[in-house]
Every structure is written in structure tokens, then in C-alpha cells.
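Residue strings, one per chain:
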Amino acid sequence: MKSFSILITVLLLSIFVQAQEQKKWQGKFEQLDQLLPTPNEYRTGSGEPGSKYWQQRADYTIDAEIDEPTNTLKGKETITYYNNSPETLKYLWLQLDQNINKKGNEDFGNYFGPVRDSLSTLHMQYLTRAIEFEGGYSIQSVTDKAGKNLPITINNTMMRIDLPVAIKTGESYTFNVAWMYPITDRSLFLLSREGYEHFPEDNNNVYLIAHWFPRMCQFDDYEGWQNKQFQRLGEFALEFGTYKVNITVPADHLVASTGSLLNAKDVLSARELERFEKAKLSFDKPAMIVTEEEARAKEKTKSTAKKTWKFQADNVRDVAFASSRKFIWDVQAVKLPTNTVLAMSFYPKEGLPVWSEESTKAVKNAVEVYSKYTFDYPYPVAISVNTSNIGMEFPMISFNGGRPHNGQMSDNAKAGMIGTIVHEVGHNYFPMIVSSDERQWMWMDEGLNTFLQTRTEMERYPAFHHTVPKDIVPYMKGDKRVMRPVMNTSDNERLNAFGANYYEKPTVALTILRETIIGKDLFDKAFKEYSNRWMYRHPRPADFFRMMEEATAVDLDWFWRGWFFTTDNVDISVDNVKWYKLRTTQADIENKSKTVKTGDLNAKATDKSSADFSQGPQPFTVLNTDEKAYGEFRSHIDDNAVRQKLAGKNIYQIQFRNNGGLVMPLIIEWTYKDGSKETEMLPAEIWRTNENEVNKVFIKDKEVVSIVLDPNSEIADVDISNNVFPKKPVESKFDQFKKTN
Ligand SMILES: [Zn+2]
């Protein structure tokens, strides 16, 4: 009992402290100045690459081979690294992402939770690596152009190469790396974006090969080397360049890869080649290049001969590919104003029939809608590959989960699958082209991309559920002791919250900006401007924040501050409503004139708040203005004209309270006695002079019967029970409990 009462005291105390805290001025409308880096010649105050903006470049030539019997990948690459920075580089850092799978390097974080009464074998595998697997790179050589060994240092998922001679500004350096690694069985790892999936029925694999070659770390003006370790959740920061990739696989495999296929006639059959050439003109529907029957036949061949597929990709920051003899392949051409793109899908028969019906169509929809809101998709191909689970993006190619069971798929599952395809194809824009640093700021690609995914689904799949502001309410109501702001390092987020915090919350924030605060046309223009300014470049959060203001003339610092830098939520209440009507008789005026000050509604002695409108309006008086108030002005207001103007009008004074912390516009719906409604919006700046409480006077011709705040759920208000006047009775939790027990 004692500890209980202490708990109550502590609770009350903390509520009191919180309430006190909230009452203090918090500078919610102050500029972000101290929270953003100082603009400079590299990144300007308008959120644009500056006159001295620079970016490194890395070109790759890669030869890789999948050895099917042992599930290993062997590769060698030549990297030419261009130092465009003003600095001299004594060493280079490369990313060795496969090393996350090395025993001992895993689990930087604690994703898996404690042991409970019982756990599945799969959970135990995630938790303990019960099944032995030799993951990670074996680096076989790192040599200079002449073949001389270069000294290297490996630190988990990062490798440093010490250079014999430092690379000066404007110089390039060419070197070679040879490596191999066992391809992971995707089913054994949580958050497994790549590896192979085994199909026991026909004893074949689908290989999804990604972060498979040692890649240059990003080096930039903001961070220097971005060599923060790969810890699974925070993804990648990469440099652009040209890739020439030769992929050797069993001769009966089909390979889907980033880039243009350079040697179709060497790797496709005459029939496939003919169909492929024809498909390039198939604008109305997907054309089959490899059919189900052909793929089924190949499942049995198990060729031991090899073929080498050659691809080239320009202006990309990465390359990934998929390879299998199980693949069915369809292609459709998509015409954009400045480019014709081949939308393609590769899937095993296990994806039928939905994959042949929906995948390429979804690729086309994504490419078309995203192009409209940003820039025309610039690459030659956009590929969707079917996988068992999750979705993962790479330039020009994505791996997307979703399969029917016994040929059946629920509407929800199908919408999820299509949403995944749209989302992963959409990542071509963010971060594959507008190349933000995913390891630092997951919201910059996931948030912006999910926002456009939602737009695509609204336009092309109107029957789906589309993310709306109120979807984020359960998350926003969460426990503040563990919640992180959106401006938070990717790997610091909890596994059960990164979806809400980095995908959904920014999507809702951008939706509110577009629909409620800035307006559609102005927002869309600014968003397009941001996308184009940072195409093939590395934007940072400040660039986005500055750019969106600069292109709209809307000061959004209060919005970024609240929605991106805090865990506050929106909870605005209508605390008090007073209803007044002007006195009409002279007697009234004479009686009242002694006690009432002009215009000061609160000062009325008879003033009292009520729970509804049943008491009718309180009378109030408009007095003639005293001579003294005019000072030196000779012209005087017509006192009677003012009174006439207000005669018979309903005057409402509303007190609004900011309980959640986020300052937002006041969207007020008035319902009148005659049944008609009117909605008006006061901008968020209404909170400038008092961040916690606003009193505002409204004059209405008609009598009001009810007032509702945020009637269309536009601003993610977490408690709508306090948004209405007159208050509707709300059943307490205790009442509900009594009823059900
Ligand atoms: Zn994503």
C-alpha cells in the first residue's frame, strides 16, 4: 500500500511538472538557425548545391560468378576513384556489407528481445545463430594498377586502403579488389535483403545478389568519410559512377540486373531475343519473354555450362541483380515525355497468377506517377523481382515480396504486394537518384518515397487504403520516454517503430503540408524543384527544409521544428465558448455603461462559461468611443453605424488549448441552427503570442449549434473527444468496465 501511494504522489508530481513545463514559452516559432548547419559555398541558404558543391565519383568494372553447387559468389573489380574534393586523401574507405553476416560481427544492436516461455526455432536462429553459417567476405587481394599489393585494414563492415601516394584534388586513382563470400540463405537472417531462396520441390534457387561487392564509402563536404558501420537497419550512402558488370551464371539461368543488357544475343535464345525486341514496342500490355511452361521446363535442366551476362549502367550509385532458372519474364514499354522505359518483372511460377497480372503494371504506374511529381525516370529499365518476403530497392531493380497461396491472394495481401512494388520502384527517385544518406536519415528516402507511394496509389489504385493523417495517431500517442524524433540516426530507432517514425510520420507531415498548410500547387512545385535540384546529388535534411520554404514563401520552421525535431503530438481542444449578442435598448446601455469597458468581453461581471448554448447569448454593450481615444485625429468613427453593423449578430469567443505541443492551424467547422455548415481555417501562426492558449472572437450572422475542430481529421489530432462544443458525453473507461463485467 505504501509504495502505491508513493507512486501516486510521484505520478501527480510528474504531471504537475509536465504541465508547468508546457506552460513555459518554448520558442515554437523561432527559426531553426541553431539546429541547422551554417550555409556555405557547398550548400546554400536556399537549400541548393552551392557554387563550390563537389561530389566524388567511382567507376567500377566488375566480373562476378555464382557457383551454384556451393552457393558462393566470387568477384573481382577495378575501381577508378575520382577525388573532386578540396582535400588530399591518404586513404580510402570501402564498405564490406557482407561482413554483417560474419559470426561475431552481427548484432550491433539488440533487435531480438528476451527469451520467453517458448520461442520458435526460427526466432532462436535469429537470436543465437543456432545453425552455423560462415558468412562474410574473404578478401583475396587488393592491388594497385600494376598488381602490387596495397595495405588494408578491415574493421567489421569497413575496409581502409592506405595509399602509397595521396590523391590530390582533381586526381583519380585506380585499384583492384578480388573477393569471395558464401551467399546467405535468406531464411536464416532477420532483415535479410539479399541472398538465395531455396525451393525444395524442384531443388532450385532464386539468387538475389545485393551489397555484394566492396563499394566506395561516400566522402562529402558534410561528413568527410561516411564510414559508420552497417548494422542492418541503417542502409547506404554511395557515390555515383558508371558500372560495367559481367555476371557469370549457369547457362540456363535468366539474369535481371541494374543496367542495359549489352549482349542479349549471346545469352538469350533466338526466340527470347525476338520476343524481347518486339516487347520494346508493347506499350499497352506486358509481353511474355519467358513463359511459365518454358520456366517449368528449365527447372529440370540444371545446366552445368556457364554464360556471362554483360550489363552497363550509367549515373547509378549501386548495382544489384537476380539470377535463376525458375524465372518467368515479362516486359512492357512505358512512354514518358523524355524517355521510354522498359518495365519488367521476373518471378518464379510460385508468384502466379498475380505476378503476371499485377507486377509490371505496378512498375509502370510507379514510374508514371513519380515522374509527374519529380522528374522523368531517366534509366532504360525498371525491374521488379518476386521474393518470398520484404521489399528492397536498388537502382533500376527491386526485390518485392508477395505470393499467392494455392493461387489465391486476399485483397489486402494483393494491395500490400502492389504497394511494395510501387514503393521499391519509387526508391529509384529517393535515394537512388536524389541520393540522401540512408544510414543517417532514414526519413529522407523512406518518408519522401512513402509520400509519393501514397500519391501513386491514390491516383492508380483508388480502392486501396491510403495513408491519411489519422493513421499516425496511435503512434503519436506513444510513450514519450522511448519515442524518437524523425531527425534521429537510422540505427537508433527501435525495430517496432521505424516504420511509423521514418515512413508514416513524414508521409503524414508532408500530406498535411500539401493539403492543409501550403496548398497542392505550391507544394507540388516546391517538391519537384527539390527533386530536380538534388538529382544525382547528396542532399541533407537542411537542404530539404530550406528548399521547401524558399520555393513556397511559407515560413515552415515551426513545422519542421515540431514534426521533425520533437516527439510532440497534435492535441488541440476547445476549452471554452462564450456567446454574446449586442444589447439593443437604450436602457440596457445606460445601465451597463458604468461597469463595462469598451470591447473588453472578459471584463463583464455577468460573464460565465457554460457547457452548451442552452442559456442563450449573454448581452453586451457597445459604447460610444470617448473623445480622448482619438487623440489628434479629427475624424471620428460613426458609433451608430458600428452598432448597426453588429446588431443581431452572434458573437462567439472561443478558447483553444494546445495540449499536445504541436502548434497547428485551427480548422473550425461551424454548424448553424438552420442545419448549414461552414469551415474556416486560422493559420498555425495564431499560436505565436501564446503557444498554449488562444482566445479568438468570431462574428456570425447565424446562430451556432455546434463547433468541431479538425472535422475532416486533417491534422492527426490525437484526442478528438475535446474537439467539440457542446461537449458530447464520453463514457469513461470505468463505465465501460462496469458494463462489460
Ligand atoms: Zn523503402
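See the structure printed just above.
Computed from a predicted model, the values in this text were never measured in an experiment.

(A) Summary view of the sheet that holds strand S4 (residues 138-144). An order of S4-S7-S2-S1-S13-S17-S15 is seen for the seven strands of this open sheet, with the pairing classed as mixed. Either end of the sheet is taken by a strand with one partner, and the two such strands are S4 and strand S15 (260-261). Summarising the sheet, strand S1 (residues 57-67) and strand S2 (residues 72-82) pair through 11 bridges and their orientation is antiparallel. Pairing of isoleucine 62 across the sheet is with glutamate 77, part of S2.

(B) Spatial organisation of the packing of helix H9 (residues 442-460) against helix H11 (residues 498-517). For the pair H9 and H11, the least separation of the axes is 8 Å and the interaxial angle reads 60°. The angle between the axes of H9 and H11 places the two elements in the oblique class. In this structure, H9 meets H11 at a crossing whose hand is right-handed. In contact with Met442, Trp443, Glu446, Gly447, Leu448, Thr450, Phe451, Thr454 and Arg455 of H9, H11 contributes Phe498, Tyr502, Tyr503, Pro506, Thr507, Leu510, Thr511, Arg514 and Glu515. When the residues that make up the contact of H9 with H11 are grouped by side-chain class, the tally is nine nonpolar, five polar and four charged.

(C) Representation of the coordination of the zinc ion in the model. Within the protein, the atoms that donate to the zinc ion are His423 (NE2), His427 (NE2), Glu446 (OE) and Glu446 (OE), at distances of 1.9 to 2.7 Å. Taken together, the four donor atoms coordinating the zinc ion span angles of 54 to 152° at the metal, a pattern that classifies the geometry as irregular. We note that the donor set of the zinc ion lies within a single chain, spaced as H-x3-H-x18-E. In this structure, histidine 423 and histidine 427 share a single accessibility class: buried.

(D) Representation of the nonpolar core in the model. Residues Trp212, Phe559 and Trp563 are the most contacted members of the largest nonpolar core, which totals 195 residues. Every residue in contact with tryptophan 212, bar those within four places of it in the chain, is listed here: Ile62, Ala64, Leu73, Gln98, Tyr137, Trp179, Tyr181, Val245, Val319, Ala320 and Phe321.

(E) Representation of the pairing of strand S3 (residues 89-95). Most of S3 sits out of view: five of its seven residues are buried. Here six bridges tie S3 to strand S6 (residues 158-167), and the two strands are oriented antiparallel to one another. Paired with leucine 94 across the bridge in S6 is methionine 159. Pairing of S3 with strand S10 (residues 215-216) involves two bridges; the strand directions are antiparallel. From the neighbouring strand, leucine 94 faces S10, where its bridge partner is methionine 216.

(F) Highlighting the side chain of glutamate 393. Counting through the fold element by element, glutamate 393 comes out in strand S22 (residues 391-394). There is no salt bridge for the buried glutamate 393, and the closest opposite charge comes from arginine 193, which lies 6.6 Å off by N-O distance. Contacts of glutamate 393, omitting those with residues within four sequence positions, involve Glu235, Ser398, Glu424, His427, Met432, Glu438, Asp445 and Glu446.

(G) Structural view of the environment of alanine 716. Structurally, alanine 716 is set in the loop between strand S30 (704-709) and strand S31 (724-725). C-alpha separation for the pair alanine 716 and phenylalanine 375, spaced 341 residues apart in sequence, amounts to 30 Å.

(H) Broad picture of the pattern of salt bridges. A full pass over the atoms with the stated rule returns 53 salt bridges. One salt bridge connects arginine 325 with aspartate 252, and the closest N-O pair in it is separated by 2.7 Å. Of this pair, arginine 325 sits in the loop between strand S18 (321-324) and strand S19 (328-336) while aspartate 252 is found in the loop between strand S13 (241-250) and strand S14 (254-257), placing the two residues 73 residues apart along the sequence. Look at arginine 325 and you get buried, because its relative accessible area is 1%. Residue classification places aspartate 252 among the buried positions, given a relative accessible area of 8%. The partner of glutamate 515 in a salt bridge is lysine 520, and the shortest N-O contact between them spans 3.7 Å. Here glutamate 515 falls in the partly exposed class, since its relative accessible area comes to 35%. A relative accessible area of 43% places lysine 520 in the partly exposed class.

(I) A look at the layout of surface pockets. There is about 770 Å³ of room inside the largest pocket. The wall of the largest pocket is formed by 32 residues, among which Thr420, His423, Glu424, Gln453 and Tyr503 lie closest to the centre. Within the residue set of the lining of the largest pocket, elements represented by two or more residues are S22, helix H7 (411-426), H9 and H11. Broken down by element, the lining of the largest pocket gets its largest block of residues, eight residues, from H7. Tallied by class, the residues present in the lining of the largest pocket amount to 10 nonpolar, 14 polar and eight charged.

(J) The arrangement of helix H12 (residues 520-533) in detail. Look at H12: 20 Å from first C-alpha to last across 14 residues, which is about the 20 Å you get at 1.5 Å a residue. Listed in full, the buried residues belonging to H12 are Phe523, Asp524, Ala526, Phe527, Tyr530, Ser531 and Arg533. Contacts made by the buried residues of H12 are with helix H6 (354-373), helix H8 (428-433), H9, H11 and helix H13 (541-550).

(K) The pairing of S22, seen in detail. Taken together, the four bridges between S22 and strand S23 (residues 397-401) define a ladder with antiparallel strand orientation. Along S23, the bridge assignment pairs methionine 392 with phenylalanine 399. Hairpin connection between S22 and S23: a loop of two residues separates the two successive antiparallel strands, and methionine 396 in this loop has a positive phi of roughly 70°.

(L) The arrangement of the packing of aromatic side chains in detail. In this structure the tally under the stated criterion is 53 aromatic pairs. Cluster of aromatic residues (ring-pair linked, three or more members): Phe29, Trp443, Tyr530, Phe544, Phe545, Trp558, Phe559, Trp560, Trp563, Phe564 and Phe565. The positively charged end of arginine 215 is found above the aromatic ring belonging to phenylalanine 236, 4.6 Å away from the centroid. When the ring centre of phenylalanine 199 is taken as origin, the NZ or CZ atom of lysine 326, which lies over that ring, is 4.3 Å away.

The rules behind the values
- Think of each chain on its own: its residues are numbered from 1, step by step along the sequence as written.
- With pLDDT at 70 or above as the cut-off, local features in this predicted model cover only qualifying residues; side-chain atom pairs require 80 or more to be listed or tallied, and sums for whole chains, interfaces and linings still use all residues.
- The side-chain figures draw on all heavy atoms in the structure; neither hydrogens nor water molecules are used.
- In this description, strands pair whenever DSSP reports at least two bridges between them.
- Helical segments are the DSSP runs of H or I of at least four residues, strand segments are the runs of E of at least two, and each set is numbered from the N terminus.
- Only the stretch in contact is used when fitting a helix axis, every axis being a line fitted to C-alpha atoms; angles between N-to-C directions are given from 0 to 180 degrees.
- Here the angle decides the label: under 35 degrees means roughly parallel, over 145 means roughly antiparallel, 65 to 115 means roughly perpendicular, and every other value means oblique.
- A crossing counts as left-handed when the near helix is turned anticlockwise from the far one by less than a right angle, and as right-handed when that turn is clockwise.
- Here, two residues are considered to be in contact whenever any of their heavy atoms come within 4.5 Å of each other.
- For this classification, Asp, Glu, Lys and Arg are treated as charged, while Ala, Val, Leu, Ile, Met, Phe, Trp, Tyr, Cys and Pro are nonpolar and the rest, including Gly, are polar.
- Note that water is not among the atoms used; donors are N, O and S atoms within 2.8 Å of the metal (3.2 Å for Na, K and Ca), so sites may look incomplete.
- Here the metal geometry follows the donor angles, with tetrahedral for four donors whose angles all fall between 85 and 135 degrees, square planar for four and octahedral for six when opposite donors are more than 155 degrees apart and every other angle is between 65 and 115, and irregular for all the rest.
- With a 1.4 Å probe rolled over the protein chains alone, any residue whose accessible area is under 20% of its type maximum counts as buried; one over 50% counts as exposed, and the rest are partly exposed.
- Among the buried residues, those of types Ala, Val, Leu, Ile, Met, Phe, Trp, Tyr and Cys that are joined through side-chain atoms within 4.5 Å form a nonpolar core.
- By the counting scheme adopted, Arg and Lys are positive, Glu and Asp are negative, and His together with the chain ends is not counted.
- Salt bridge, as used here: a side-chain nitrogen of Lys or Arg that lies within 4 Å of a carboxyl oxygen of Asp or Glu.
- Buriedness for pockets is judged along seven lines, at least five of which must meet protein on both sides within 12 Å for an open set on the 1 Å grid over protein atoms alone, while cavities are sets there where a 1.4 Å probe fits but cannot get out, and lining residues have an atom within 4 Å of a point.
- Grid points are joined across faces, edges and corners, and a volume is the space filled by probe spheres set on the points.
- Take the residue count of a helix, subtract one, and multiply by 1.5 Å to get its expected span.
- Pairing of aromatic rings covers Phe, Tyr and the six-membered ring of Trp, with a centre-to-centre limit of 6.5 Å; geometry is then stacked below 30 degrees between planes, edge-to-face above 60, and tilted otherwise.
- Only when the NZ of Lys or the CZ of Arg is both within 6 Å of the ring centre and within 35 degrees of the ring normal is a charge said to sit over the ring.

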